[in-house]
Amino acid sequence: MKTLIKIVKILFRLALIGFGCYYMFMFVRPVFGVIFNIGSVLGAFLSLIAILVGIFLNKIIDFCKKHYQSKKGKILLNTFFTVFTIGLLCFSLTLGSIVTSAKTNAKNESTVIILGCAVRGEKPSYTLNRRISTAYDYLTDHPDSVAVLSGGQGRGENISEAQCMYNVLTEKGIDPDRLYLEDKSTNTGENIAFSKQIIEENNLSTDIAVVSSDYHLKRATMICKKNGFDNVHRISSPSTYFDKPTFYLREVLGVVKEFIIR
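Residues numbered from 1 in each chain as written. Predicted model: local features only at pLDDT ≥ 70, side-chain atom pairs only at ≥ 80, totals over all residues. Heavy atoms only, no water.

**Remarks on the pattern of salt bridges**
In this structure the tally under the stated criterion is five salt bridges. Residues aspartate 214 and lysine 244 are paired through a salt bridge, measuring 2.8 Å at the closest nitrogen-oxygen approach. Of this pair, aspartate 214 sits in the loop between strand S6 (208-213) and helix H8 (217-226) while lysine 244 sits in helix H9 (residues 244-260), and the two are 30 residues apart along the sequence. On the basis of relative accessible area, aspartate 214 is assigned to the buried category, the value being 5%. Its relative accessible area of 18% is what places lysine 244 among the buried residues. The salt bridge involving arginine 250 is made with glutamate 251; its shortest N-O contact spans 3.0 Å. Take arginine 250 and glutamate 251: they sit in the same class, and that class is buried. (Salt bridge = Lys/Arg side-chain N within 4 Å of Asp/Glu carboxyl O. Helix = DSSP H or I, 4+ residues; strand = E, 2+ residues; numbered from the N terminus. Buried < 20%, exposed > 50% of the residue type's maximum accessible area, 1.4 Å probe, protein only.)

Okay, structure coming up:
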């Protein structure tokens, strides 16, 4: 039994350190020109905790055993573990909702909103290119549909994200008359709000489908409903398996924020 406990501790320790090293790598990746976001920052903080817990696991266990003997220590530790358990449960439920919403459920919506992402000079980033490809497939399969291309011009971008999407889609053969540019937004909230203005000004259908990365669709759908879209569907652009952990972690925070301020 003691041997089994030792093995479990070793595996748990390796898992914590492995988790920590992964997120530390995700944190330093921006140094090499990769996107930097709140998910990687939070991940770096959690990874540091995970590494420290992995290294000092035995001392932490001994500390808890020692202080659990006193009444004050028992109250403090029970409170900590209760709060931790509730937080973990809320995190798991939110993450589960994000994962569930990461799949395409659009069928035949005539108005599509394509959410922008980083542009490198005048070329789409890997993530944006995937969103464009996903949108292209849908527009090709639904020739009567139109699309609002949403995204302004940010730092390091020579053209707006909307213009970049327009350039690629028209080069692929999509009729320019089917595309509407929204090139002023700087975040997802503005993406949706400004796109709604274009939809209303051009009398487009308000039964919409949103194109974005799989991890982003839950929050994007929430924001659409806040802006008065009653019938919202999703078109999922797949993210890489390597990037999923940090982006899904970021989205947990984003979804909680949208839920609180609704």
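Following the structure, the description resumes.
**Observations concerning the pairing of strand S4 (residues 146-150)**
With respect to burial, S4 is a largely interior element, five of its five residues being buried. Going residue by residue along S4, you find Val146, Val148 and Ser150 tucked away on one face and Ala147 and Leu149 tucked away on the opposite face as well. Inspection of the sheet shows strand S1 (residues 111-115) paired to S4 by five bridges, in the parallel sense. The residue of S4 that forms the bridge with threonine 111 is valine 146. Taken together, the four bridges between S4 and strand S5 (residues 179-182) define a ladder with parallel strand orientation. Opposite serine 150, over in S5, you have glutamate 182 as the bridge partner. Remark: the S4/helix H6 (residues 161-171)/S5 crossover connection has right-handed handedness. (Pairing = 2+ DSSP bridges. Right-handed = clockwise from strand over helix to strand, strands pointing away.)

**Regarding the environment of serine 97**
Its location among the elements puts serine 97 in helix H4 (residues 71-100). Its relative accessible area of 25% is what places serine 97 among the partly exposed residues. Each C-alpha atom of the pair serine 97 and valine 252 lies 9.3 Å from the other, and the pair is 155 residues apart in sequence. Within the local environment of serine 97, its side chain forms a polar contact with the side chain of lysine 218, the two groups lying 3.1 Å apart. (Polar contact = N/O pair within 3.5 Å; in protein donor to acceptor, adjacent residues only side chain to side chain.)

**A word on the sheet that holds S1**
Taken in spatial order, the five strands make up an open sheet running S5-S4-S1-S6-S7, and their pairing is parallel. If you trace the sheet from one side to the other, it starts and ends with S5 and strand S7 (232-237), each paired once. Going from strand to strand, the sheet's axes swing by 25 degrees on average, the running direction of each strand aside. The sheet strands contacting H6 are S1, S4 and S5, and the helix crosses S5 at an angle near 160 degrees. (Axes fitted to C-alpha atoms, helices over the stretch in contact; angles between N-to-C directions. Contact = heavy atoms within 4.5 Å.)

**Focus: the pairing of S6**
Within a regular strand, the side chains alternate between the two sheet faces. Of all the six residues making up S6, six are buried; the element is thus mostly covered by neighbouring parts of the structure. Sheet topology places S1 next to S6; four bridges connect them, and they run parallel. If you follow isoleucine 113 over to S6, its bridge partner there is valine 210. Between the parallel elements S6 and S7, the chain passes through H8 in a crossover that is right-handed.

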